[in-house]
Amino acid sequence: MKKLSLLILLSTFLFCLACSEGELETPQPTTPPTTNDPMDDDDDDQSDDMDGDAVTYTNSVSTILASNCNSCHNGANPSGGLSLDSYTAAKNGTQNGNVLSRIRDVNNPMPQAGLMSEDNIKAIEDWAEGGFLE
Ligand code: HEC
């Protein structure tokens, strides 16, 4: 009798283990609906494209010039006779001068202390290619 009741207890125990294991696995396949994802992706793509296409003097170039160039290239008597402290001055200097070559010139770099980060150089190049947006 004792053996039998032990056996019943044991099998009930094992049965319950199996039950709870099954219950643990069931929630996994029910993933939340994905209907929102395509909309999110569209929004992200649009903002990425806009960021990539619209390098302007105001949103990017002015900040880069201010922190890397304007300490020398500003005012009435700028270094190298090149002023870069306004939209018109920066546009003219980049269009007609050597800005695009000097910001990549390893032997004669601008700024003199060393070339800027690739991101900053690329931003000024993109600004020129995009037609010097203000
Ligand atoms: C520490 C001062 C200093 C900083 C900062 C500086 N420059 Fe200059 N820059 C000079 C001096 C001095 C000259 C003239 C001597 C020469 O050409 O190397 C010059 C010359 C130039 C010229 C050549 C002008 C010409 O027509 O002959 C360009 C283009 C130029 N700089 C661009 C820049 C740009 C763009 C930056 C920022 C990314 C910058 N510079 C940062 C001091 C500076």
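If you look the protein up in an unreviewed UniProt entry, it shows as Cytochrome c domain-containing protein from Flammeovirga agarivorans.

A. Looking closely at the overall build of the protein. Helix and strand counts for the protein stand at six helices and zero strands. Of the regular secondary structure in the protein, the N- to C-terminal order runs α-α-α-α-α-α. Within the protein, buried positions represent 14% of all 134 residues. The long-range share in the protein, meaning contacts at least 24 apart out of those at least 6 apart in sequence, stands at 49%.

B. Layout of the nonpolar core. Among the nonpolar cores identified, the biggest contains 14 residues, and V61, L65, L84, I103 and I124 are the most heavily contacted of them. In terms of residues, this core owes the most to one element, helix α3 (residues 57-68), which gives three residues. Residues contacting L65, with those up to four places away along its chain left out, are N70, L84 and A90.

C. Region of the structure containing unusual backbone geometry. Here the bond from M110 into P111 is cis, since omega is 0 degrees, no more than 30 degrees from zero. Within the secondary structure, P111 sits in the loop between α5 (99-102) and α6 (118-129). Even without glycine at this site, F132 takes up a positive phi of about 55 degrees. With respect to the helices and strands, F132 occurs in the segment after α6. Judged by the 18 C-beta atoms lying within 10 Å of it, F132 falls in the partly exposed class.

Rules and cut-offs
Residues numbered from 1 in each chain as written. Predicted model: local features only at pLDDT ≥ 70, side-chain atom pairs only at ≥ 80, totals over all residues. Helix = DSSP H or I, 4+ residues; strand = E, 2+ residues; numbered from the N terminus. Buried ≥ 20, exposed ≤ 12 C-beta atoms within 10 Å, placed from the backbone. Contact = placed C-beta atoms within 7 Å. Core = buried A, V, L, I, M, F, W, Y, C linked by C-beta atoms within 7 Å.

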